[in-house]
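Here is how the chains run, residue by residue.
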Amino acid sequence: MTRLFNDPDEFVEDSVAGFVAASGRWVRPVTGGVVRSTRGAEPTVAVVVGGGSGHYPAFAGLVGPGFAHGAVMGNLFASPSAHQVRSVAKAAHEGRGVLLSYGNYAGDVLHFTQAQDRLREAGIDCRTVTVTDDISSAPPHEREKRRGIAGDLVVFKTAGAAAEQGHDLDDVERLARLANDRTRSLGVAFGGCTLPGATEPLFTVPQGRMAVGLGIHGEPGIDEVDIPTAAELAQLLVERLLAERPDDAAPTGRVVPILNGLGSVKYEELYVVYGAVDRLLTEAGVEVVSPEVGEFCTSFDMAGVSLTLLWLDDELDRLWHASCDTPAFRRGSVDGRVVVTTVADDDDEIETIGPAAEESRRAAAVVAHALDAVAAMLDDQADELGRIDRIAGDGDHGIGMQRGSRAAAAAASRAVTAGAGARTALQHAGDAWADKGGGTSGAIWGEMLVDLGAALGDDDAVDASALSAGVGRMKDAVMSFGKATVGDKTMIDAIVPFADTLRDRLAQGDALLDAWATAADAAQAAAEATAQLTARLGRARTHGDRSLGTPDPGAVSFALVTRTVLDVLKEDA
Ligand code: ADP
Ligand code: MG
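This text gives an overview of the structure that appears in the document. (Residues numbered from 1 in each chain as written. Chains lettered and ligands numbered in written order. Predicted model: local features only at pLDDT ≥ 70, side-chain atom pairs only at ≥ 80, totals over all residues. Heavy atoms only, no water.)

**What about the overall build of the chain?**
The helix and strand inventory of the chain stands at 16 helices and 17 strands. Radius of gyration (C-alpha) of the chain: 24 Å, near the 25 Å computed for a compact globule of 573 residues. With respect to the three principal axes, the spread of C-alpha positions in the chain is 75 × 55 × 45 Å. Per-residue burial over the chain gives 58% buried out of 573 residues. Excluding contacts between residues fewer than 6 apart, the proportion of contacts in the chain whose partners are at least 24 apart in sequence is 74%. (Helix = DSSP H or I, 4+ residues; strand = E, 2+ residues; numbered from the N terminus. Rg over C-alpha atoms; globule rule 2.2 N^0.38 Å. Buried < 20%, exposed > 50% of the residue type's maximum accessible area, 1.4 Å probe, protein only. Contact = heavy atoms within 4.5 Å.)

Right, here's the structure in full:
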């Protein structure tokens, strides 16, 4: 239960403001997150971490000398947008390149990769190391598909220490990857978390039961058992993690155990578990080195713990023990820091409203009207979309679509008031959707609106064939961006029949409204048919079979949007 908040919609903004007020010794705010408030004598590679909010001290609590240079902070459990990543990375950059590091979640991968492409285009050398420590999320032969949990701490600390010691970007990247390769985690949960303002938990675990491998956003576990004793829990975690010892680590190697509380497990309870962990590891013959017990990657007020094992080698040993100073994690002493004088946060990404033809401005007004209607529809549907997403995903699809569409509608109407044409209105709306909606669907909807806008332009009237060509281009762009094809159980399953039917019906001579209505029916039928599919991509992939019988939330919401837009087109006709 989250008891203390003002406006729940403003929870993250309020929390970030308070964090910054309390942590000026380490951080200063920039668009999209925070960066260090001090600099060392020599410039270093910049390590930029991030992800959704709700995981403190990940990610902002780990910014400071010897650790991260900046943290991008998305909305609650929702990936930050590419724009936010870019902004933090630019502010953190000291001239020697940027390493992006974050947990391996589909939405984060889309947004961070898009940001990396743009940073490279801007001449900043940028690399990525995703954290994949959670052994429950994919089998060993698919390690690269695993998601990141408390192993974040290890990978970020290693990269930050390597940067601090003056290593170049190649080396910082190599060492971060090495740290990830030698880190394994497994988590369990006894109960879900409740987001600010929500009356129900995001997910639940039955009374007296423990979910094994449950994800930090409530992604379903791999197993459910009765709650064991602390010693039995320690045994379960240690056994499964030792069974996954990295190939190149000796069975008698040096191991750092990190016992992580996920939100509402008391420190004393953690120590009871840790006692058994320490004993079991020693009995197994490994050398226990510098253990950590506490909260390093939480999941709001989720009741649960995870255990991480880091298998040291000489390089990792040196980096793990190097000094650092951050709001949430300190080691040794750090000196010689100079306070950075805050420069104005020059956000060069904000697009100005250029000239537009009268016809295009009329089309932009329809766009704004349609987005308003979509936002209102999603207000009504948010709970149901969340429910569908909870079955195999993380339950945030409704909230994400609601926030994203509201922001997009507001941005479009501001743009229209300022005289924008269709391209510019959709561009502003898409950026706003990606910023506020977060998650995979936020990235994709942002991309769709921007692409549709690019096809429509600011100079021409939008007729049926222009609209259909724009929808086709939007479909192609999203498929190349998200790499999904028909049958993967994503919104692509609804987008493709929609775009193809619209094109075909218009070619057959249908009027726009008739063609759109047939296409919306096709999208709805295809969305319903995804219930028969097993998810192969995105968050639901980990638990593909569980989604059988339930349609894909993103496909369902896409079909609903096409239906709402039809109503607006009818009114407008
Ligand atoms: P997240 O998965 O980050 O929690 P949402 O819950 O908002 O984001 O959106 C989930 C939806 O995103 C899925 O139902 C699916 O339709 C869509 N999706 C996931 N991965 C892809 C992809 N690679 N391409 C297209 N759509 C995708
Ligand atoms: Mg989701």
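There is more to say after this.
**Concerning the nonpolar core**
In this structure, V34, L153, V172, W320 and F329 are the most contacted members of the largest nonpolar core, which totals 66 residues. Looking at this core, the elements that each hand over two or more residues are α1 (11–22), β4 (46–53), β5 (70–76), β7 (126–131), α4 (151–164), α5 (169–181), β11 (254–261) and α8 (314–320). Not counting chain neighbours up to four residues away, the residues in contact with W320 comprise L153, V154, K157, V256, I258, S290, E292, L310, L312, F329 and R331. The next biggest cluster of nonpolar side chains, apart from the first, holds 57 residues, and it includes A370, A409, L426 and L566. (Core = buried A, V, L, I, M, F, W, Y, C linked by side-chain atoms within 4.5 Å.)

**Here we look at the environment of Q524**
As for its placement among the helices and strands, Q524 is situated in helix α15 (residues 512–529). By relative accessible area, Q524 is classed as partly exposed at 34%. C-alpha separation for the pair Q524 and A469, spaced 55 residues apart in sequence, amounts to 21 Å. When residues no more than four places from it in sequence are discounted, the contact partners of Q524 are A559 and R563. Here R563 takes part through its side chain, which lies 3.1 Å from a polar atom of the side chain of Q524. (Polar contact = N/O pair within 3.5 Å; in protein donor to acceptor, adjacent residues only side chain to side chain.)

**Describing helix α2 (residues 82–92)**
Summarising burial for α2: nine of the 11 residues are buried, a large majority. If you check which residues of α2 are buried, you get A82, H83, Q84, V85, R86, S87, V88, A89 and A92.

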